[in-house]
Amino acid sequence: MRVRRGAGVAATAALALLVVACSDPAAREEPDASPTSEPTSPVSEPTEKSSTVPVADPAHAVDPPGERDGRLWSADILVQWDQPIDDELLKRIERLRGVAHTERIGLGQVSLENRVLTVAAVDPGGFRHFTQADVADLQEIWDRVAGGEMAVADSRAVRRLADPNGMIRLGTDDDAPTLHVGAYTPQIPTIDMVVNTAWAADIEMATDNGLLISTDGTTPATIRGPLERLVGKDASVQMLDVASRLGLDPDAKLTAIPTGGTLGDLVGTFRYTVLGGGRIAPDPAWVRANIRTEAVPVLGSVTCHKDLFPQLRAALLEVEQRGLAGAIDPRQYAGCYYPRFIANTTTLSNHSFGLALDLNTAGNQRGTVGEIDRDVVAIFKAWGFAWGGDWRWTDPMHFELSEVKAVG
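Only a predicted model underlies this, so the values are computations on that prediction, with no experimental measurement involved.

A. Representation of helix α13 (residues 374-382) within the structure. Within α13, burial applies to Val 376, Val 377, Ile 379 and Phe 380. Buried residues of α13 fall within an arc of 160° about the axis and therefore sit on the same side. Where α13 starts, the residue carrying a side-chain oxygen 2.7 Å from the main-chain nitrogen of Asp 375 turns out to be Asp 373. Where α13 terminates, the next one or two residues include Gly 384, which has phi positive at roughly 90°.

B. Looking closely at the packing of helix α12 (residues 309-321) against α13. Contact pair α12 / α13: the axes reach a minimum separation of 9 Å and the direction vectors enclose 145°. The element α12 and its partner α13 pack so that their crossing is right-handed. Of the residues in α13, those in contact with Leu 312, Ala 315, Leu 316, Glu 318 and Val 319 of α12 are Val 376, Ile 379 and Phe 380. When the residues that make up the contact of α12 with α13 are grouped by side-chain class, the tally is seven nonpolar, no polar and one charged.

C. The arrangement of the packing of aromatic side chains in detail. Counting across every chain of the model gives seven aromatic pairs. Pairing Phe 270 with Phe 353 gives two aromatic rings, centres 4.9 Å apart and planes at 85°, and the pair type is edge-to-face. Residue Phe 270 is located in strand β11 (residues 270-274), and its partner Phe 353 is located in the loop between α12 and β15 (356-358); the two are separated by 83 residues in the primary sequence. Just as Phe 270 is buried, Phe 353 falls in that class too. Clustering of aromatic rings is evident, with ring pairs tying together Phe 270, Tyr 272, Trp 286, Phe 341 and Phe 353. For the cation-ring pair, Arg 71 lies above Trp 73, with the distance from its terminal atom to the ring centre recorded as 3.8 Å. Sitting above the plane of the Tyr 184 ring, Arg 159 keeps its charged end 4.5 Å from the centroid.

D. Molecular detail of α12. Counted at 1.5 Å a residue, the expected span for α12 with its 13 residues is 18 Å, and the 18 Å between its end C-alpha atoms agrees. Summarising the contacts, the buried residues of α12 are in contact with β13 (291-296), β14 (300-305), β15, α13, β16 (385-387) and β17 (398-401).

E. Empty space enclosed by the protein, seen in detail. There is about 60 Å³ of room inside the second largest cavity. Val 110, Ser 111, Leu 170, Gly 171, Thr 172, Asp 173, Thr 259, Gly 260, Gly 261, Thr 262 and Leu 263 together form the lining of the second largest cavity. The leading source of residues in the lining of the second largest cavity is helix α10 (residues 261-267), at three residues. Looking at the lining of the second largest cavity residue by residue, the classes come out as three nonpolar, seven polar and one charged.

F. Representation of the sheet that holds strand β5 (residues 167-169). Spatially, nine strands are ordered β5-β6-β4-β7-β3-β2-β8-β1-β9 in an open sheet, and the strand pairing comes out mixed. Strands with a single pairing partner mark the edges of an open sheet, and in this sheet they are β5 and β9 (236-239). Neighbouring strand axes in the sheet, compared pairwise and without regard to direction, differ in orientation by 35° on average. Judged from the four bridges that link them, strand β3 (residues 115-122) and strand β7 (residues 193-196) form a sheet pairing that is parallel. Bridge assignment links Ala 120 to a residue of β7, and that residue is Val 194. Each of β4 (150-152), β6 (178-184) and β7 is contacted by helix α5 (residues 139-146), which is oriented at about 60° to β7, the strand it contacts most.

G. Molecular detail of the environment of Trp 391. Among the structural elements, Trp 391 can be located in the loop between β16 and β17. Looking at Trp 391, the relative accessible area reads 12%, which means it is buried. Sequence separation of Trp 391 and Arg 160 is 231 residues, and the distance between their C-alpha atoms is 9.4 Å. Other than its neighbours up to four places away in sequence, Trp 391 contacts Glu 113, Asn 114, Arg 366, His 398 and Glu 400.

H. Seen up close, the pairing of β17. Neither face of β17 is open: one carries His 398 and Glu 400, the other Phe 399 and Leu 401, and all of them are buried. Two elements, β15 and β17, share three bridges in a ladder whose sense is antiparallel. Across the sheet, the residue bridging to Leu 357 is Phe 399, located in β17. Relative to β17, β16 runs antiparallel, the two sharing three bridges. Counted as the bridge partner of Phe 385 is Leu 401 from β17.

I. Representation of the side chain of Asp 249 in the model. Structurally, Asp 249 can be placed in the loop between α9 (240-246) and β10 (253-256). Among the polar contacts listed, one links the side chain of Asp 249 to the side chain of Arg 224, at a separation of 2.7 Å.

J. The pattern of salt bridges, seen in detail. According to the stated counting rule, one finds 17 salt bridges in the structure shown. Between Asp 137 and Arg 68 there is a salt bridge, with the nearest N and O atoms lying 2.5 Å from each other. Here Asp 137 is found in the loop between α4 (133-136) and α5, whereas its partner Arg 68 is found in the loop between α1 (9-16) and β1 (77-80), with 69 residues between them in sequence. Judged by relative accessible area, Asp 137 falls into the partly exposed class, the value being 44%. One salt bridge in this structure joins Asp 234 and Lys 233, with 3.5 Å as the shortest N-O distance. The class of Lys 233 is exposed, set by a relative accessible area of 64%.

Conventions adopted
Residues numbered from 1 in each chain as written. Predicted model: local features only at pLDDT ≥ 70, side-chain atom pairs only at ≥ 80, totals over all residues. Heavy atoms only, no water. Buried < 20%, exposed > 50% of the residue type's maximum accessible area, 1.4 Å probe, protein only. Helix = DSSP H or I, 4+ residues; strand = E, 2+ residues; numbered from the N terminus. Arc of directions from axis to C-beta. Polar contact = N/O pair within 3.5 Å; in protein donor to acceptor, adjacent residues only side chain to side chain. Axes fitted to C-alpha atoms, helices over the stretch in contact; angles between N-to-C directions. Left-handed = near helix turned anticlockwise from the far one by under 90°. Contact = heavy atoms within 4.5 Å. Nonpolar A, V, L, I, M, F, W, Y, C, P; charged D, E, K, R; others polar. Phe/Tyr/Trp six-rings, centres within 6.5 Å; stacked < 30°, edge-to-face > 60°. Lys NZ or Arg CZ within 6 Å of the ring centre and 35° of its normal. Expected span 1.5 Å × (residues − 1). 1 Å grid on protein atoms, 1.4 Å probe; cavity = no way out; pocket = protein on both sides within 12 Å on 5 of 7 lines; lining within 4 Å. Points joined across faces, edges and corners; volume = space filled by probe spheres on them. Pairing = 2+ DSSP bridges. Salt bridge = Lys/Arg side-chain N within 4 Å of Asp/Glu carboxyl O.

This is the structure in structure tokens:
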């Protein structure tokens, strides 16, 4: 992606602060098309010289960045590890021919209403130099990020995650942190949300396991080989100029590091490659270690994450014992482990990890209240499952593991 320079402040305000089914589980997600009418903005439109923004969350604030100082850099390559980048390795990367500038960031993934979104924990003053000019120069964005708010991608799917007060909870656990959306703004490809580094510990993510690289006048692809040899096979190297056109770099081995107690503990580091038709190929070693096909009450044989089975069996056994087995139709079970993107997106769902299942598809489509028996719903909730019928954009057939419970 090449930075656009020289955009006016009026255009900046309009662009950057617009603030805040079938048997295929992926096909039921609403596409990310822009809404036909603008929703209410969580922040007021800035003036040309924005006044000082109040610190929204002093406990999660960092020093304000001040006005932009220095040139902008093109965001050409994103490297992600599952651990902090080594200082010596960073020096070797910076010495590579074609590497013009770098910026360390933290990268992690959070699950929000079955969408696995990438969060970047950044130094606002440094990171802004990799964003497009009209975003980089809008001071209010970076003051808000420094003050504990977040900047998120301007898409209908992400906007729907915010409550009426402009708050988004980053994860499914009850103690997951809740942040205020300070700006809806275009993001660097593959990044959905930006927070400052003071939030990293609460989100259970690193602050320096990612690296943005600008190649400036050099074609990024020309340094891919040397860079991949240098960082090793366990790192993900994405060409962002390709991702900006295609959504993802199809030649990259991608890495997701889900955060939060339940999802992070169960999934760990999830590496995968992109196949055609919206499918992905998870690392075979991860699949062997985590995915099982076993028999459960009511549904019969299902394929899920191994750690889902104890609570799934317990929930379905209680459904049987309470005489509710007839409320679940095994013929309308739409799967659990489903390694692919949500339809028409490059976004993973919890089905990719085998931690979600869809029941009674016919009468429980997206955006409806659903016909599924509410006593069945209550049983699943008691056994640690979140229900899609509670979401702002409902998905009443969907249940996903949100809390690990002991099964006696």
